[in-house]
Structures are given as C-alpha cells and as structure tokens.
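# Secondary and tertiary structure notes
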Amino acid sequence: MERTQMAETDTAAEVVALIAASLRRERARAGLSLTEVARRAGIAKSTLSQLESGTGNPSVETLWALGVALDVPFARLLDPPRRVIQVIRAGEGPVLHAERADYEATMLSACPPGARRDIYVVAGRPGAPRESQAHMPGTIEHLVLSTGRVLAGPTGEAVELGPGDYVTYPGDIPHVFDALEPDTTGVIVMEHV
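Residues numbered from 1 in each chain as written. Predicted model: local features only at pLDDT ≥ 70, side-chain atom pairs only at ≥ 80, totals over all residues. Heavy atoms only, no water.

### Here we look at the pattern of salt bridges
Enumeration over the complete set of coordinates arrives at 9 salt bridges. A salt bridge links Arg25 to Glu26, with the nearest nitrogen and oxygen atoms 2.9 Å apart. On the basis of relative accessibility, which here comes to 27%, the residue Arg25 falls in the partly exposed class. We classify Glu26 as buried; its relative accessible area is 3%. Where Glu36 meets Arg40, a salt bridge forms, and the shortest distance between an N and an O atom there is 2.8 Å. A residue pair is termed a helical-turn pair when its members lie 3 or 4 positions apart in one helix, as Glu36 and Arg40 do in helix α2 (residues 34–41) at 4 residues. (Salt bridge = Lys/Arg side-chain N within 4 Å of Asp/Glu carboxyl O. Buried < 20%, exposed > 50% of the residue type's maximum accessible area, 1.4 Å probe, protein only. Helix = DSSP H or I, 4+ residues; strand = E, 2+ residues; numbered from the N terminus.)

In structure tokens form, the structure reads like this:
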C-alpha cells in the first residue's frame, strides 16, 4: 500500500484543494465524464462536482470509492504527482546491437503505463542495413536524423535523409535503416496505437 505523507502544516482548505485538483487530473487522465465517475463511485454527480470545485468535504469512504472508479490508488488523490526529471548523458543508457548490421539503439525512454511510445537514439555505419521485421499492428516510427545520411523507411520504399530531416512510416511492415555515411545518428520515436 502506498503511504501518503501530508505536512503537519497543511490546512483543511489546502487538503481539499489538493483533492479537488487530483480528482480533476485523474478524471481527465481516464477520459471519463463527471457523470460516469459519479456512477462508478456510487455517489451523486453534484457531490463529485463539489469535490472537484474544492467546495466539498469528502469522507474516506467517498475517496476510496472515487479511487476505485478512477482506477488509481487512494494515495494518489492525496499525494500530488512529483515531476520526474531524467537525464541520460550522451554515451549512456542501455544499448541494443543488431546481429547482422553495424547498428545500435540506445533506449532513452520506455513506454510507461498509459503512454504509447518508446524513444531511441540510433547509430549506424555503412555496410549491411538494419532490416527490421514488422512490429505490432498500428506501430508508427518517427525518425529525425542528427548526423550522416541514411536510407530509412519501409523496405523497397526507403527515402534518403540528411541531418535535420524527418520521416514517419508504418512500423508494422518490414522496414530498413541503411547508413550511407560513417557515424550516422538519429532519434526514433516508436508510437504504438
């Protein structure tokens, strides 16, 4: 169970404001209407409206029911999310190497729950191209080339890119990254729909 720590100096008004903001944030995240959340929680829509506007005074039972309705831990309604800053310096991060091509991908960010994208820094050198099989249906790849030159895109339809060029293509069909110059690098965002 998550543990929530409220400062001893938090006033009742600050706690109510925090809960109001949390309810609005989590309802928006879930993409649910006021009516639907109230129905799922078994409370009146007017009660939820008051809580979201910061004029209500929720009971523990009501907050538990709202947490269940929003599919979030109880503590998330009382503990604001913390901003997470992550820095991965050049040359750091988990590196994946291709078996048959001089190609590597450094994962910068895996897809967190609720998100649908992964971000990689890729590097390739002339030689055998990096041939990728189809990823899961609906995958779209976005490539911004940083240095060098590359042929990238669907197998048989790859386009040549130079520094600063961008291409997007379906990742759910076979595709290629064929470095044409040494030290060809770029950033790939894989979008999963």
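### A few points about the side chain of Glu141
Summarising the element assignment, Glu141 is placed in strand β5 (residues 140–147). No salt bridge is formed by the buried Glu141, whose closest oppositely charged neighbour, Arg130, lies at an N-O distance of 8.1 Å. A distance of 3.0 Å separates the side chain of Glu141 from the side chain of His135, its partner in a polar contact. In this structure the side chain of Glu141 is engaged in a polar contact, spanning 2.9 Å, whose partner is the side chain of Tyr169. Aside from chain neighbours lying at most four places away, what touches Glu141 is His135, Val167, Thr168, Tyr169, Gly171, His175, Ile188, Val189 and Met190. (Lys, Arg positive; Asp, Glu negative; His and termini not counted. Polar contact = N/O pair within 3.5 Å; in protein donor to acceptor, adjacent residues only side chain to side chain. Contact = heavy atoms within 4.5 Å.)

### Observations regarding the environment of Tyr103
Position of Tyr103 among the secondary structure elements: in strand β2 (residues 103–109). Residues within four places of Tyr103 in sequence aside, it is in contact with Leu96, His97, Ala98, Val122, Ala123, Gly124, Arg130, Phe177 and Ile188.

### Regarding the confidence of the model for the protein
The predicted structure's coordinates, where accompanied by low pLDDT, should not be read in detail. Taken over all residues, the pLDDT of the protein has a mean of 83, while the share at 70 or more is 87%. When mean pLDDT is compared element by element in the protein, strand β9 (residues 175–179) scores highest at 96, while strand β1 (residues 95–97) scores lowest at 76. Under a pLDDT of 50 for its full length, residues 1–9 has, in the predicted model, 10 contacts with residues more than four places off or in other chains. (pLDDT = per-residue confidence, 0-100.)

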